[in-house]
Amino acid sequence: LALYFHSGEREEKCIIEDVPSDTLVIGNYRVQRWDIHKQDFLESAPGLGMFVTVTTPSAEVLLSKLYGPQGTFSFTSYLSGEHIICLQSNSTRFVAFAGSKLRIHLDIRVGEHFLDESVVQAKDKVNEVNIRLEHLIEQIHHVSKEQNYEREREEKFRKTSEETNSNILWWAVVQTLILISIGIWQIKSLRDFFISKKLV
Amino acid sequence: LRAMPLRAAGPRGRLLPLLLVALAACAVRASEITFELPDNAKQCFYEEIAQGTKCTLEFQVITGGHYDVDCRLEDPDGIVLYKEMKKQYDSFTFTASRNGTYKFCFSNEFSTFTHKTVYFDFQVGEDPPLFPSENRVTALTQMESACVSIHEALKSVIDYQTHFRLREAQGRSRAEDLNTRVAYWSIGEAIILLVVSIGQVFLLKSFFSDKRTTTTRVGS
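Residues numbered from 1 in each chain as written. Chains lettered and ligands numbered in written order. Predicted model: local features only at pLDDT ≥ 70, side-chain atom pairs only at ≥ 80, totals over all residues. Heavy atoms only, no water.

Asks: Tell me about the environment of Tyr119(B), residues and numbers included.
Replies: All names here are of chain B. Following the sequence through the fold, Tyr119 ends up in strand S8 (residues 116–124). What Tyr119 contacts, discounting residues up to four positions off in sequence, is Glu32, Ile33, Thr34, Glu58, Phe59, Gln60, Ile62, Thr162 and Leu166. Reaching out from Tyr119, the side chain makes a polar contact with the side chain of Glu32 at a distance of 3.0 Å. (Helix = DSSP H or I, 4+ residues; strand = E, 2+ residues; numbered from the N terminus. Contact = heavy atoms within 4.5 Å. Polar contact = N/O pair within 3.5 Å; in protein donor to acceptor, adjacent residues only side chain to side chain.)

Now the structure itself:
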């Protein structure tokens, strides 16, 4: 687990994953706590856990579980869209505890099906190529799903642009009508007023 | 990084540590993360890299404000390798000059109230070959060569797809912004128009009101 970032003790850190439907997303994380006395991050922090919450594009909670200081979570999206993965520690310490922070190592993999390396190590020639081909087929399926999802999003984009276009036209017409009718009303009203005041 | 079984030192004794170093340098990790950067915030990421590894950092701003962010990449000694302000998209390749923890930060501190969604892809090392040549006796068969070229092609397809997805998300975000702004501005303008015109008439009428003792009466 390579990439890491720092977070406050009770802070919730979220990342966004825009995935097509029926896609498997696997996340690996490891969390370390800062120790004031040693001025370093502890190797292991017993009792420290992380709440992992996954929210779907329709604001439903897909996954909400408490894992230990190190864990793997996964979910399969059934809707396509932006899924939000949030990590928050279950620490009960006060936020005012100065200098406490967490180091979170994170690795998220989308839509990939990993080769079982031990199987590949088998010396059987035909099997090795077989397995590589299966992996390639999985990759192609993933590409195809992403393209399908892209088509849906482009349609939504096009609809928004066309809506903006017709909105502009409609509002311009409405404003012109308001302008003309208000102008007529103004003149009529003032004329009647001046006549009544015997100024004209 | 695959664990190499330890062998007794012999004629290949010198080769083994070299191979291990080569393998370590080839350890490949690619992390891509999309996250939301709140206004006036800075988010840093750290990664431990071995010397001699070729790394690529690529980032793009997807939604928010003027679609720009500050980015800065530092090596373990604190030397700034890359620093750009208010960039929408950039890609930076470098070779790690020493071992240690490299740090890169995205900053939205110049923005007062817009959240930005930033995507970055940090690739460390090159991909391992599909058919490793350690225990190879013959050259790659046709099947294997075909697999390798398909794999390379698919990797570039996935790469282009990601870029396209991000550009499309950015375009769509701008279009939705534009739509909301047009709607609000039009309604606002119509209201202002009505209020001002009606107000003008009543104001004018109030100038000729009988309550005031005007001094401009042409009197009898």
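Don't stop here, the text continues.
Asks: Just give me the short version of the state of the cysteines, but keep the residues and values in it.
Replies: Applying the stated criterion across every chain, the model contains two disulfides over all chains. Cys105(B) provides the cysteine sulfur closest to Cys71(B), a residue in no disulfide bond, and the two sulfurs are 8.2 Å apart. (Disulfide = S-S within 2.5 Å.)

Asks: Can you lay out the UniProt feature "transmembrane region" (unreviewed entry) in chain B for me, pointing to particular residues and giving the numbers?
Replies: Sites flagged by UniProt as "transmembrane region" (unreviewed entry) map to residues 182–204 of chain B. A helix fraction of 100% and a strand fraction of 0% characterise residues 182–204 of chain B, whose end C-alpha atoms lie 33 Å from each other. (UniProt positions renumbered as here; feature names shortened; annotations may be inferred.)

Asks: I'd like a rundown of the UniProt feature "transmembrane region" (unreviewed entry) in chain A, residues and numbers included.
Replies: UniProt records the feature "transmembrane region" (unreviewed entry) at residues 168–187 of chain A, using the numbering of this structure. A helix fraction of 100% and a strand fraction of 0% characterise residues 168–187 of chain A, whose end C-alpha atoms lie 29 Å from each other.

Asks: Describe the packing of aromatic side chains, with residues and values.
Replies: Going through the model one piece at a time under the given rule, you end up with 21 aromatic pairs over all chains. Where Phe45(B) meets Phe120(B), the ring centres are 4.6 Å apart and the plane angle is 50 degrees; that geometry is what we call tilted. You can see Phe45(B) sitting in strand S2 (residues 42–49) and its partner Phe120(B) sitting in strand S8, a full 75 residues away along the chain. Summarising the burial analysis for this pair, Phe45(B) and Phe120(B) share the class buried. Of the aromatic side chains, those joined through ring pairs into one cluster are Phe5(A), Phe35(B), Phe45(B), Phe59(B), Phe104(B), Phe106(B), Phe120(B) and Phe122(B). Looking at Arg153(A), its charged tip hangs above the ring of Tyr149(A), at a distance of 3.8 Å from the centre. Over the ring of Tyr89(B) we find Arg167(B); its NZ or CZ atom is 5.5 Å from the centre of that ring. (Phe/Tyr/Trp six-rings, centres within 6.5 Å; stacked < 30°, edge-to-face > 60°. Buried < 20%, exposed > 50% of the residue type's maximum accessible area, 1.4 Å probe, protein only. Lys NZ or Arg CZ within 6 Å of the ring centre and 35° of its normal.)

Asks: Summarise the domain arrangement of chain B; cite the residues concerned and give the values.
Replies: All names here are of chain B. By domain assignment, chain B separates into domain 1 (31–126) and domain 2 (139–204). The centre of domain 1, based on its C-alpha atoms, is set 23 Å off from the matching centre of domain 2. With eleven residues of domain 1 at the contact, the number on the domain 2 side is nine residues. Taken together, the two surfaces of domain 1 and domain 2 that pack against each other cover about 890 Å², and 47% of this comes from carbon and sulfur. Counting the surface domain 1 buries against domain 2, the share from its top three residues, Gln60, Ile62 and Tyr67, is 54%. On the surface where domain 1 and domain 2 come into contact, there are zero salt bridges. Linking domain 1 with domain 2 are five residue pairs in polar contact (both at pLDDT 80 or more), by the criterion used here. For the side of domain 1 that touches domain 2, the leading source of residues is strand S3 (residues 54–63), giving five residues. (Domains from an automatic or database assignment. Buried area = accessible area lost by both parts, 1.4 Å probe. Salt bridge = Lys/Arg side-chain N within 4 Å of Asp/Glu carboxyl O.)

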